[in-house]
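# Descriptive structure summary
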Amino acid sequence: MDASVISFQLDLLVRLIDTTTGAELEEQNVRFYRDEKQVRPVPRGSGNYVFMNCGREDGTLEVIAYGYEPCQVPVEYEKLDRQLPVKEVFLIPSESAAGLQPIITFSGQLPGLESVQAVNLGSTCCCISEFDERRRTMKLFKTHRSGMDDIYYGLIHMDRQTYEPFVVVKELSEASIKISQPLQEPFLVNSPIARIIFGKTTPEGDYCIRVRDDSERLIHLVRYVVKGNVKFKIVDFHKLEEVKLE
């Protein structure tokens, strides 16, 4: 009698992250839809969900989690690791969510807007000391935590009121990281680094970015792309009257 062989293939690992805090989503009431059909991945805890034997076809993944805005993200396998395809999904808290820390919303409409994100100028995690372009390694100092817990950061240029986004691929030590691509912009030693907060946009140019109301000073540097042009604006989330992207 032939033995039956059951094989499993991990086709996608989804990590759900609260974009306002950078923390993994602990909410259990989460639904997933792939190309408008509900799918049921295996929960692995700490905001991780595993899709098994579902095929590796490109498509759109929609995530609906209690207390957060619905989110649709493209799944493009050519941009993911072949051995372990991981997709980070950054969720924005809903304004009506009960029991959560108060949040502040910056929203509006700007025709041609393609994306919006920000860094908190009052909540930097460390500073850059040097960068090895060939190795793509960055040395850090003045770290304010036991390591860089997230993936997406901005290197802030206070003299130009801009920042360069970068992606951490490996933490070499508490004071050294490797990033996905060489830095493209000149920087000053001691320039601060902060975690990126992601907002959302629509094809019509509507935008929304939210932050936790957890400090007396909530000065953020907003980065937005309009028809391919990158722009920046300093925004005080405690003084949003008549403030808009333009």
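Preceding block: the structure.
As the structure is a prediction and not an experimental result, all values here were calculated from the model. (Residues numbered from 1 in each chain as written. Predicted model: local features only at pLDDT ≥ 70, side-chain atom pairs only at ≥ 80, totals over all residues. Heavy atoms only, no water.)

## Some points on the overall build of the protein
- Across its full length, the protein carries zero helices and 20 strands.
- Over its C-alpha trace the protein gives a radius of gyration of 19 Å, about what one expects of a compact globule, namely 18 Å for 246 residues.
- If one aligns the C-alpha atoms of the protein with their principal axes, the spans along those axes are about 75 × 45 × 35 Å.
- Across the 246 residues that make up the protein, the buried fraction comes to 43%. (Helix = DSSP H or I, 4+ residues; strand = E, 2+ residues; numbered from the N terminus. Rg over C-alpha atoms; globule rule 2.2 N^0.38 Å. Buried < 20%, exposed > 50% of the residue type's maximum accessible area, 1.4 Å probe, protein only.)

## With respect to the sheet that holds strand 17 (residues 200-201)
- The strand order across the open sheet formed by three strands is 9-18-17, and the pairing between neighbours is antiparallel. Lying at the two open borders of the sheet, with one neighbouring strand each, are strand 9 (103-109) and strand 17.
- When strand 17 meets strand 18 (residues 206-212), the two strands line up antiparallel, connected through two bridges. By the bridge assignment for strand 18, lysine 200 is matched with cysteine 208. (Pairing = 2+ DSSP bridges.)

## Considerations on the sheet that holds strand 4 (residues 42-45)
- Spatially, the four strands line up as an open sheet ordered 4-5-1-8, and their pairing is mixed. This sheet does not close on itself; its edge strands, each paired only once, are strand 4 and strand 8 (86-91). Geometrically, the sheet is characterised by an average inter-axis angle of 25° between neighbouring strands, direction not taken into account.
- Sheet topology note: the strand 1 (residues 10-18)/strand 5 (residues 48-52) ladder contains five bridges and is antiparallel. (Axes fitted to C-alpha atoms, helices over the stretch in contact; angles between N-to-C directions.)

## What to know about the nonpolar core
- Val14, Leu16, Phe32, Leu61, Val63, Val89 and Leu91 are the most contacted members of the largest nonpolar core, which has 19 residues in total.
- Counting only elements with at least two residues in this core, the list comes to strand 1, strand 2 (30-34), strand 5, strand 6 (59-65), strand 7 (71-75) and strand 8.
- Valine 14 has contacts with Phe32, Gly47, Asn48, Tyr49, Phe51, Leu61, Lys87 and Val89, leaving out every residue within four places of it along the chain.
- Listed in part, the 18 residues of the second largest apolar core include Leu113, Val116, Tyr224 and Phe237. (Core = buried A, V, L, I, M, F, W, Y, C linked by side-chain atoms within 4.5 Å. Contact = heavy atoms within 4.5 Å.)

## Structural notes on unusual backbone geometry
- A positive phi is found at asparagine 190, a non-glycine position, where the angle reads about 85°.
- Within the secondary structure, asparagine 190 sits in the loop between strand 15 (176-179) and strand 16 (192-198).
- Positive phi, close to 65°, is recorded for glutamate 242, a residue that is not glycine.
- Summarising the element assignment, glutamate 242 is placed in the segment after strand 20 (229-236).

## Observations concerning the packing of aromatic side chains
- Taken as a whole and assessed by the stated rule, the structure comprises nine aromatic pairs.
- Relative to phenylalanine 51, the ring of phenylalanine 32 has its centre 5.7 Å away and its plane inclined at 90°; by these criteria the two rings are edge-to-face. One end of the pair, phenylalanine 32, is in strand 2; the other, phenylalanine 51, is in strand 5, with 19 residues separating them in the sequence. A single burial state applies to phenylalanine 32 and to phenylalanine 51, both of which are buried.
- Measuring from centroid to centroid gives 5.6 Å for tyrosine 152 and phenylalanine 198, while their planes differ by 85°, and the two rings are edge-to-face. Residue tyrosine 152 is located in strand 13 (residues 152-157), and its partner phenylalanine 198 is located in strand 16; the two are separated by 46 residues in the primary sequence.
- Overall, the relative accessible area of 24% leaves tyrosine 152 in the partly exposed class. (Phe/Tyr/Trp six-rings, centres within 6.5 Å; stacked < 30°, edge-to-face > 60°.)

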